[in-house]
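Here is how the chains run, residue by residue.
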Amino acid sequence: MRSTVYGKLAAWVIFLCLYVPSAYAQLNLSQPANRTVLQRDKNNSATVYIRGTYEKVIDRVEVQLRAINGGNNSGWITIQDNPQGGSYAGQVDWTGGWYEMEVRGWLGGQLVGSTTLPRLGIGEVFMIAGQSNAQGYLNYGAQGAGDDRVNCINYYNTSSVSELPQPAFEHLGANSYIAPRGNSAWGYGRLGDVLAARLGVPILFYNMGWYGSAMRNWRESINGPTFS
C-alpha cells in the first residue's frame, strides 16, 4: 500500500517537473497596448517603444512587425541583449502601416517564448476640439467606421483628468465613446474611413469637444485659463 502511494507521489513530482518549465517559458508584453496608433513623422516613421517581462532566463529579445494593411514587414530585429531582472525594454523605428507585432526571447540558440500583439498602428492621430457639434451625441444614428484601422479610446471622462484610466484602444464603433469627451462615433466613423483610405495608414481620434463652449474659449485657452 505504502509503495503504491509513493509511486503516485513520484508520478506527480515527475509531472510537475515536466509541466512547470513550459509555463515559465513565456514572455509578457506590457507596452504597447493592442490597437495603439503612433503618430508618424514627416518621413512616414515612428518609434515603437516595447516593454515587457519574462519568467525564464533569456539572453536576447527580438521583435518583428508583419504588415496587415499597408506598411512593410520588418523581419526580426534584436531590441535587447542580456536583459536582467525579469524585464526587457527596447525600441524600433518603423514605417507607417497596420501591423501584427511579435516579440520573442532566446537563450543561446533555443527559443524560450514569444507573445503576439494583434494590432499596432503607425499613422495619424487627430485631436478634435469645439462645442457640442464637435463632441457629438449618443443615439442620433451615428455610423461606426467600416475600416479596421480607425480607432478610439472607448472612455468618457466625467471627473478630474488626474483620474484618467490606462487607455484601452478599440475600433471606432457606432456607440463608442471617443475619449476623453466624445459621444458616439458621430461623424468621425465615416471621416476615419475616408482618411484611412486616402492616407493609407491607421487613424486614431481623441475628442476634447465640450458642449456650450465657444470659439473664444478655445482661443483664450491657448495662452491661459478661459471662462464661459
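This report concerns the structure included in the present document. Quick caveat, the model's predicted, so the values are computed rather than measured.

Observations concerning the nonpolar core
Val 48, Ile 50, Val 63, Leu 65, Tyr 88, Met 101 and Val 103 are the most contacted members of the largest nonpolar core, which totals 20 residues. Mapped by element, the contributors of at least two residues to this core are strand S3 (45-54), strand S4 (60-69), strand S6 (87-95), strand S7 (97-107) and strand S8 (110-128). Not counting chain neighbours up to four residues away, the residues in contact with Val 103 comprise Leu 27, Leu 29, Ile 50, Val 61, Glu 62, Val 63, Tyr 88, Gly 113, Ser 114 and Thr 115. Counting 13 residues, the second-largest nonpolar core is a separate cluster that includes Ile 178, Ala 185, Tyr 188 and Ile 203.

A few points about the pattern of salt bridges
Under the definition given, this model contains nine salt bridges. Among the ionic pairs, Arg 35 bridges to Asp 148, the shortest N-O distance being 3.1 Å. Of this pair, Arg 35 sits in the loop between strand S1 (27-31) and strand S2 (36-39) while Asp 148 sits in the loop between helix H2 (132-135) and strand S9 (150-153), placing them 113 residues apart in sequence. Assessed through its relative accessible area of 11%, Arg 35 is described here as buried. Using a relative accessible area of 33% as the deciding quantity, one classes Asp 148 as partly exposed. What you see here is one network of salt bridges that share partners, running through Arg 35, Arg 119 and Asp 148.

Quick word on the sheet that holds S6
Ordered in space as S1-S3-S6, the three strands form an open sheet in which the pairing is antiparallel. A strand with exactly one partner marks an edge of an open sheet, and here the two such strands are S1 and S6. Shown here is a sheet whose adjacent strand axes are inclined to one another by a mean of 35 degrees, direction ignored. Where S3 meets S6, nine bridges bridge the pair, whose relative direction is antiparallel. Within S6, the residue paired with Ser 45 across the bridge is Thr 95.

What counts, and at which threshold
- Within every chain, residues take consecutive numbers counted from 1 along the sequence as written.
- Residues qualify for local features only when their pLDDT is at least 70, as the model is predicted, and side-chain atom pairs are given and counted only at 80 or more; totals for whole chains, interfaces and linings, by contrast, use all residues.
- Side-chain metrics in this entry use all non-hydrogen atoms of the structure; hydrogen atoms and water are not considered.
- Here, the term nonpolar core denotes a set of buried Ala, Val, Leu, Ile, Met, Phe, Trp, Tyr and Cys residues that are joined through side-chain atoms within 4.5 Å.
- Partly exposed residues are those whose accessible area sits between 20% and 50% of the maximum for their type, while under 20% is buried and over 50% is exposed, using a 1.4 Å probe and protein chains only.
- Here a strand is any run of E in DSSP of at least two residues, a helix any run of H or I of at least four, and the numbering for each starts at the N terminus.
- Whether two residues touch is decided by their heavy atoms; if any such pair falls within 4.5 Å, the residues are in contact.
- Salt bridges are identified by distance alone: a Lys or Arg side-chain nitrogen within 4 Å of an Asp or Glu carboxyl oxygen.
- Strand pairing is assigned whenever DSSP identifies at least 2 bridges connecting the two strands.
- All axes are obtained by fitting lines to C-alpha atoms, using only the stretch in contact for helices, and the reported angles, taken between N-to-C directions, cover 0 to 180 degrees.

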